[in-house]
Amino acid sequence: GEVQEGGGYIKRLPLKTFESQGRGTRGKKSTTSNASQDNEVAHCFTCNDHDTLLMVTQKGIAYGLRAFQVPAASRTARGVPIPSVLPVKADDVITSILPVAEFTKDEFCVLATENGWIKKTPLAAFENLTSRGLIIATLEDGDRLRWCEKCTDNENILVGSRHGMATTFEAAKLRPTGRTSRGVRSMRLKEGDTVADVSILKQSGTDKDQRGEFVLAVTSNGYGKRIRTDEFRTQARGGVGVIAMKFKTNQKETDQISCLRIVKEDDEVLFITAQGVIVRQKVADIPSQGRAATGVLVQKVDIEGGDHISSVSIVPKSMIEMSK
């Protein structure tokens, strides 16, 4: 199934609710709402009912919940209020949800913030996490903890910024730290820029099937492309990075990166707009382009109506087959 969360509500629904659609289409409403700012679809991800969901808030608190504890609902239903399943404080918000099938010894949890801080903690430290919650990072004023990803030491970490820059560095070079540390710099951000996405990338040479892996870049105005992973060579952590996406000439001021994530050619993607419109598409239908290209329209976004792509969710091949 798939779990969605937004505007303080959460629900679980079967993946087959959304069929695959052609590129550049409008999509389907996923929740009925007069999509106000506080009711955006914030997260949408695929999981199995017995996975543990690590739910991380912007203030650095983590909660643990089993997926089946999230009530099932229909495509257009709102779901249940998050406080009915987790004691999240009123001024805090869940910014990342990581489904974990098992807590293995060699895996780490990578946590990253909008202002460019990153840390790595052994995943096993979260095994006994309950719905009571635990502090997992210390943040500076005005920063938000946004990403929580699983990785091993033979993987690389890809960090992308809103203005289209990206850097890749080895996870092994990021020293593991305890639960309450702030971490270290992930990338050097120019003024006015913030981190847009964080993703885990297999190291080249360690995996035959890396040939089918791409970096999917999607902008908030609906433009997208996929870039071969070997265009992102590893660098030292904390650098400025390289250009990952250029924006259309008439949208340079208004457009920004919404997603910079690793996908496989046989995956599918769910594009979700702030107003709750969802398009499901095959990665293979999105053209492969270089880092300096501007992409093609992957979803018609009602920009005049104030809408934008707020979330992109990857549907792996295994999930696609299960949902048929």
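Right above here is the structure, for reference.
Residues numbered from 1 in each chain as written. Predicted model: local features only at pLDDT ≥ 70, side-chain atom pairs only at ≥ 80, totals over all residues. Heavy atoms only, no water.

A.B. asks: Which parts of the structure should I look at to understand the overall build of the protein chain?
C.D. replies: What the protein chain contains, in helices and strands, is 1 helix and 24 strands. Looking at the protein chain as a whole, 52% of its 324 residues qualify as buried. Long-range contacts, defined as pairs at least 24 residues apart, comprise 76% of the intrachain contacts of the protein chain with a sequence gap of at least 6. In the form shown here, the protein chain has an accessible surface area of approximately 14300 Å², with 47% of it arising from carbon and sulfur atoms. (Helix = DSSP H or I, 4+ residues; strand = E, 2+ residues; numbered from the N terminus. Buried < 20%, exposed > 50% of the residue type's maximum accessible area, 1.4 Å probe, protein only. Contact = heavy atoms within 4.5 Å. Areas by Shrake-Rupley, 256 points an atom, 1.4 Å probe, with all protein chains shown as cover.)

A.B. asks: For this particular structure, what's the right way to read the nonpolar core?
C.D. replies: Generally speaking, nonpolar side chains in soluble globular proteins are found buried as a group. Counting residues in hydrophobic clusters, the biggest one holds 16 residues, and the most contacted among them are V110, I118, C151, I157, V159 and V198. Elements that contribute at least two residues to this core include exactly β9 (108–113), β12 (145–151), β13 (155–161), β14 (165–170) and β16 (195–202). When sequence neighbours within four positions are dropped, the list of residues in contact with V110 reads I118, K119, K120, W147, C148, E149, C151, I157 and I200. (Core = buried A, V, L, I, M, F, W, Y, C linked by side-chain atoms within 4.5 Å.)

A.B. asks: Is there a simple way to think about the pattern of salt bridges in this case?
C.D. replies: Should the charged atoms of two oppositely charged side chains come close, the side chains can pair. This model, assessed by the stated rule, comprises 12 salt bridges. Two residues, E213 and K264, come together in a salt bridge whose shortest N-O distance is 3.6 Å. With E213 in strand β17 (residues 213–219) and K264 in strand β20 (residues 257–264), this pair connects stretches of sequence that are 51 residues apart. Connected via shared salt-bridge partners are E114, R144 and R146. (Salt bridge = Lys/Arg side-chain N within 4 Å of Asp/Glu carboxyl O.)

A.B. asks: I would appreciate a short explanation of the sheet that holds β13 in the present structure.
C.D. replies: In sheet architecture, strand pairing relies on hydrogen bonds along the backbone and comes in two forms, parallel and antiparallel. Taken in spatial order, the 4 strands make up an open sheet running β16-β13-β14-β19, and their pairing is antiparallel. The open sheet has two free edges, formed respectively by β16 and β19 (242–243), since each of these has just one partner strand. (Pairing = 2+ DSSP bridges.)

A.B. asks: Would you mind going over the pairing of β17 with me for this structure?
C.D. replies: Looking along a regular strand, one sees side chains alternate from face to face of the sheet. Counting buried residues along β17, 7 of its 7 residues qualify, which places the element largely inside the surrounding structure. Of the pairings in the sheet, the one linking β17 to strand β18 (residues 223–228) comprises 5 bridges and is antiparallel in character. Each residue of the ladder has a partner; that of F214, found in β18, is R228. The turn joining β17 and β18, which pair antiparallel and follow one another in sequence, is formed by 3 residues; a positive phi near 100° is taken by G222.

A.B. asks: Sorry, what's going on with the sheet that holds strand β10 (residues 117–122) here?
C.D. replies: With antiparallel pairing, 4 strands are arranged side by side in an open sheet as β12-β9-β10-β15. Of all strands in the sheet, those bounded by a partner on one side alone are β12 and β15 (184–185). In this sheet, β12 lies alongside β9 in antiparallel orientation, the contact comprising 6 bridges. Pairing of L111 across the sheet is with C148, part of β12.

A.B. asks: What should I look at first to understand the packing of aromatic side chains in this one?
C.D. replies: To describe a pair of aromatic rings, one takes the distance between the centres and the angle between the planes. Summed over the entire model, instances satisfying the criterion amount to 0 aromatic pairs. We note R182 situated over the ring of W117; from NZ or CZ to the ring centre the distance is 3.6 Å. When the ring centre of F214 is taken as reference, the NZ or CZ atom of R226 above it lies at 4.5 Å. (Phe/Tyr/Trp six-rings, centres within 6.5 Å; stacked < 30°, edge-to-face > 60°. Lys NZ or Arg CZ within 6 Å of the ring centre and 35° of its normal.)

A.B. asks: Where do I start with the side chain of R146 in this structure?
C.D. replies: Looking at where R146 falls in the secondary structure, it is placed in strand β12. On the basis of relative accessible area, R146 is assigned to the buried category, the value being 18%. Side-chain polar atoms of R146 contact the side chain of E114, separated by 2.9 Å. If near-sequence neighbours (up to four positions away) are discounted, R146 is found in contact with T95, S96, A112, T113, E114 and R162. (Polar contact = N/O pair within 3.5 Å; in protein donor to acceptor, adjacent residues only side chain to side chain.)

A.B. asks: How should the environment of V283 be read in this particular structure?
C.D. replies: Looking at the secondary structure, you find V283 in the loop between β22 (277–282) and β23 (296–297). Taking relative accessible area as the criterion, V283 reaches 0% and is therefore assigned buried. With 57 residues separating them along the chain, V283 and R226 place their C-alpha atoms 8.2 Å apart. Once residues lying within four places of it in the same chain are set aside, the contact partners of V283 are R226, V263, K264, E265, D267, E268 and V269.

A.B. asks: So what exactly am I meant to see when it comes to the environment of R226 here?
C.D. replies: Assignment of secondary structure puts R226 in strand β18. By relative accessible area, R226 is classed as buried at 6%. Between the alpha carbons of R226 and L260 there is a distance of 9.2 Å; along the sequence they are 34 residues apart. Setting aside chain neighbours within four positions, we find R226 in contact with F214, V215, L216, E265, V283, A284, I286, P287, S288 and Q289. Within the structure, R226 has its side chain in polar contact with the backbone oxygen of V283 (distance 3.2 Å).

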